[in-house]
Amino acid sequence: RLRQALEASDRLLDLSLAINTQRGLDEILQATAEAGLTLPGAVRCTVAVLPAGEEGRPTRHSASALASGSDDGAICESLLEATLSDGRPRAALRDDPQWQARWPEDAVHGSVCVQPLKQQDRLIGAIGVCRRSVGDLSEQDALTLSMLAAQASLAVHKARLLERARSSEALYRDLFELSGVPMAVYDRTGTLTMVNDEFENLSGYARQEAVGELNVFELIHPDDREPMRRMHEAYWRGEKDLTTSHDFRGLRKGGEVRFISASLHRVPGRDRVTAVLIDNTEPLQLQRQLIQSEKAAALGQLVSGVAHELNNPLTTILGYAQLMQDTTDPSLAAQAEMLEAEARRSQRIIEGLLSFARERPVRVVATDVNTVVLDALRMPAYRMRVENIVIHTHLDPNLPTISADPHQLQQIFLNIINNAHAAMETDGGELTVSTRHVGPRV
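Conventions and cut-offs
- Residues numbered from 1 in each chain as written.
- Predicted model: local features only at pLDDT ≥ 70, side-chain atom pairs only at ≥ 80, totals over all residues.
- Heavy atoms only, no water.
- Helix = DSSP H or I, 4+ residues; strand = E, 2+ residues; numbered from the N terminus.
- Buried < 20%, exposed > 50% of the residue type's maximum accessible area, 1.4 Å probe, protein only.
- Contact = heavy atoms within 4.5 Å.
- Pairing = 2+ DSSP bridges.
- Axes fitted to C-alpha atoms, helices over the stretch in contact; angles between N-to-C directions.
- Salt bridge = Lys/Arg side-chain N within 4 Å of Asp/Glu carboxyl O.
- Patch = residues over 30% accessible without salt bridge, like charges linked within 9 Å, V, L, I, M, F, W, Y side chains within 5 Å.
- Areas by Shrake-Rupley, 256 points an atom, 1.4 Å probe, with all protein chains shown as cover.
- Phe/Tyr/Trp six-rings, centres within 6.5 Å; stacked < 30°, edge-to-face > 60°.
- Lys NZ or Arg CZ within 6 Å of the ring centre and 35° of its normal.
- Parallel < 35°, antiparallel > 145°, perpendicular 65-115°, else oblique.
- Left-handed = near helix turned anticlockwise from the far one by under 90°.
- Nonpolar A, V, L, I, M, F, W, Y, C, P; charged D, E, K, R; others polar.
- Polar contact = N/O pair within 3.5 Å; in protein donor to acceptor, adjacent residues only side chain to side chain.
- Core = buried A, V, L, I, M, F, W, Y, C linked by side-chain atoms within 4.5 Å.
- Arc of directions from axis to C-beta.

### Things to note about the overall build of the protein chain
Here is step 1: Counting secondary structure elements, the protein chain contains 14 helices and 14 strands.
Here is step 2: With 442 residues in all, the protein chain has 41% of them scored as buried.
Here is step 3: Residue pairs in contact within the protein chain that sit at least 24 positions apart in sequence constitute 59% of those at least 6 positions apart.

Written as structure tokens, this is what we have:
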């Protein structure tokens, strides 16, 4: 799943750059269909785009992970046609009585999901994905498909804009100003000669501060600046071609770092370069979140396995500790009682870890907040003692029960406790946890 998440994220980043290359509409649609196959279990992806004018048939492109002829995709095509008519998302499951009779017997896929492609609330097409599994998309996969649809919509819109812009200088200027992406033109010295509104938003520099005053290399992080400068110098000397796409760290006014992808194109007949910029900072953050999500899931499985393994020897220790308490030696009996108490405490910690790591549906029940707080404190207690952090609890014994999911509440408390722990882990300190009943609130 981690590899699939990374592949999906990479596909989305590649697709966002596709609108700034010399690819035509057909290539963009094919790239979108291939990106759809990165969804877990996807066996077929079809993208259909309505004609730019009022007449004509939709343009379709498909990608399949199956051998030719092994899956006709009839259900997907049916749902695509319906979505192209009314712009509504659709889904179909093989086990749904509504679809069982119409589902091809030799079809590999068990579910179909279709998302509309829209540009400023205007329907421009649809994307459909056939998956092996019989079930709805997970939250992560649904987010990936939605982002893919959004990127495809933007790609189609920009591709059509670029096709029209090539016909005249006026349309080029319209595209430059109204494209919705940051764009700039600079000369062979790197001095900016033209920027658009989106470039102002990205860089933080007003147009009058940038045009004729700012060198493009000043907007590149020092560690990435010299390679870009050398590439430009070699290009102007005729020693190499101007490569179209570059990734680097950009600097906003004030020094904020942004992760930028730039598509560079020579202005025909002039010593000028047009730079089309994509701010990849948020997509990269999403990629990191996907990675962290997968790591957290793997860690939960690891914790669960380790906890189960620890439970077995603890059970043995508890049994022997109870037998030892029957001795006539008072000192040995006292030690056995202490051993049993510590073993039971270890069991409670393990049960807390298992409860925290286990996926479970939301279940709202009568909940004792004090008990949840103590359970949340139990897990980081040892680390905090080692780091000289003293825990003080002032829990109201007359606290009423509340209606809540105790496991989700425990995660909230644990996040707060961990934040406090992080603030004190270097020098130690005191953590005070209190509960109170104030009026109708706990």
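### Considerations on the sheet that holds strand E10 (residues 272-279)
Here is step 1: Reading across from one edge, E7-E6-E10-E9-E8 is the order of the 5 strands in this open sheet, with antiparallel pairing throughout. Each edge of the open sheet carries a strand with a single partner, namely strand E7 (192-195) and strand E8 (245-251). For this sheet, the mean inter-axis angle between neighbouring strands, taken without regard to orientation, is 30°.
Here is step 2: By the bridge criterion, 3 bridges tie strand E6 (residues 183-187) to E7 in an arrangement that is antiparallel.

### Focus: the pattern of salt bridges
Here is step 1: Enumeration over the complete set of coordinates arrives at 14 salt bridges.
Here is step 2: A salt bridge links Glu81 to Arg60, with the nearest nitrogen and oxygen atoms 2.5 Å apart. Placement of the pair is Glu81 in helix H3 (residues 74-86) and Arg60 in strand E2 (residues 59-64), with a sequence separation of 21 residues.
Here is step 3: Linking Asp197 and Arg207 is a salt bridge whose minimum nitrogen-to-oxygen distance equals 2.5 Å. Here Arg207 lies in helix H8 (residues 207-210) and Asp197 lies in helix H7 (residues 197-203), a separation of 10 residues in the sequence.
Here is step 4: Each member of the salt-bridge network shares a partner with another, and the members are Arg252, Glu256, Arg258 and Asp279.

### Here's the deal with a nonpolar patch on the surface
Here is step 1: Where nonpolar side chains cluster on the molecular surface, the patch consists of Ile317, Tyr320, Leu323, Met324, Leu332 and Leu339 and spans about 540 Å² of accessible area.
Here is step 2: Elements with a contribution of two residues or more to the nonpolar patch: helix H10 (281-324) and helix H11 (330-357).
Here is step 3: No other element matches the 4 residues that H10 contributes to the nonpolar patch.
Here is step 4: Turning to its location among the elements, Met324 is positioned in helix H10.
Here is step 5: Overall, Met324 belongs to the partly exposed group, its relative accessible area being 33%.

### Digging into the side chain of His246
Here is step 1: Inspection of the secondary structure assignment puts His246 in strand E8.
Here is step 2: Not counting chain neighbours up to four residues away, the residues in contact with His246 comprise Met228, Met231, Ile260, Ser261, Ala262 and Leu264.

### Points about the sheet that holds strand E4 (residues 111-119)
Here is step 1: With antiparallel pairing, the 5 strands of this open sheet are ordered in space as E2-E1-E5-E4-E3. Each edge of the sheet is formed by a strand with only one pairing partner; in this case those strands are E2 and strand E3 (90-93). Neighbouring strand axes in the sheet, compared pairwise and without regard to direction, differ in orientation by 15° on average.
Here is step 2: Bridge analysis of E4 against strand E5 (residues 122-131) gives 9 bridges, and the strand direction is antiparallel. Bridge pairing in E5 links Cys113 to Val129.
Here is step 3: Its contacts with the sheet put H3 on strand E1 (42-49), E2, E3, E4 and E5, and the angle it makes with E5 is roughly 160°.

### Looking at the packing of aromatic side chains
Here is step 1: Counted according to the given criterion, the structure contains 1 aromatic pair.
Here is step 2: Here the guanidinium or amino end of Arg229 rests over the ring plane of Phe217, the centre of that ring lying 4.7 Å away.

### Topic: the pairing of E5
Here is step 1: In terms of burial, E5 is a largely internal element, 9 of the 10 residues being buried.
Here is step 2: Remark: 2 residues form the turn of the hairpin made by E4 and E5, two consecutive strands paired antiparallel; Gln120 in that turn has positive phi of roughly 55°.

### Thoughts on unusual backbone geometry
Glycine aside, negative phi is the norm for most residues, and most peptide bonds take the trans geometry.
Here is step 1: Even without being glycine, Gln120 reaches a positive phi, approximately 55°.
Here is step 2: Residue placement: Gln120 occurs in the loop between E4 and E5.
Here is step 3: Despite not being glycine, Asn388 shows a phi value in the positive range, around 60°.
Here is step 4: By the element assignment, Asn388 lies in the loop between helix H13 (381-386) and strand E12 (389-395).

### Examining the packing of helix H12 (residues 369-378) against helix H14 (residues 406-424)
Here is step 1: Axis separation between H12 and H14 bottoms out at 9 Å; the angle between their running directions is 50°. By the angle between their directions, the pair H12 and H14 is classed as oblique. Helix-helix and strand crossings are classified by hand; for H12 and H14 the assignment is right-handed. Facing H12, whose interface residues are Val369, Val372, Val373, Asp375, Ala376 and Leu377, H14 presents Pro406, Leu409, Gln410, Phe413, Leu414 and Ile417.
Here is step 2: Here the residues of the contact of H12 with H14 are counted per class, giving 10 nonpolar, 1 polar and 1 charged.

### Quick look at the side chain of Asn215
Here is step 1: The topology assignment puts Asn215 in the loop between H8 and helix H9 (222-236).
Here is step 2: A polar side-chain atom of Asn215 sits 2.9 Å from the main-chain amide nitrogen of Phe217.

### Side note on the nonpolar core
Here is step 1: One finds Tyr186, Leu192, Phe199, Ala210, Leu264 and Leu277 to be the most contacted residues of the largest nonpolar core, which totals 24 residues.
Here is step 2: Listing elements by their share of this core, those giving two or more residues are E6, E7, H7, H9, strand E9 (257-266) and E10.
Here is step 3: Here the element with the most residues in this core is H9; it accounts for 4 residues.
Here is step 4: Ranked by size, the runner-up nonpolar core spans 23 residues in total, among them Cys45, Leu117, Val129 and Val156.

### What to know about H12
Here is step 1: All of the buried residues in H12 are Val369, Asn370, Val372, Val373, Ala376 and Leu377. Taken around the axis of H12, the buried residues stretch over an arc of 160°, which confines them to a single face.
Here is step 2: On its buried face, H12 is in contact with strand E11 (365-367), H13, E12, strand E13 (402-404), H14 and strand E14 (429-435).
Here is step 3: Here H12 starts with a cap whose side-chain oxygen sits 3.1 Å from the backbone nitrogen of Asn370, and that cap is Asp368.

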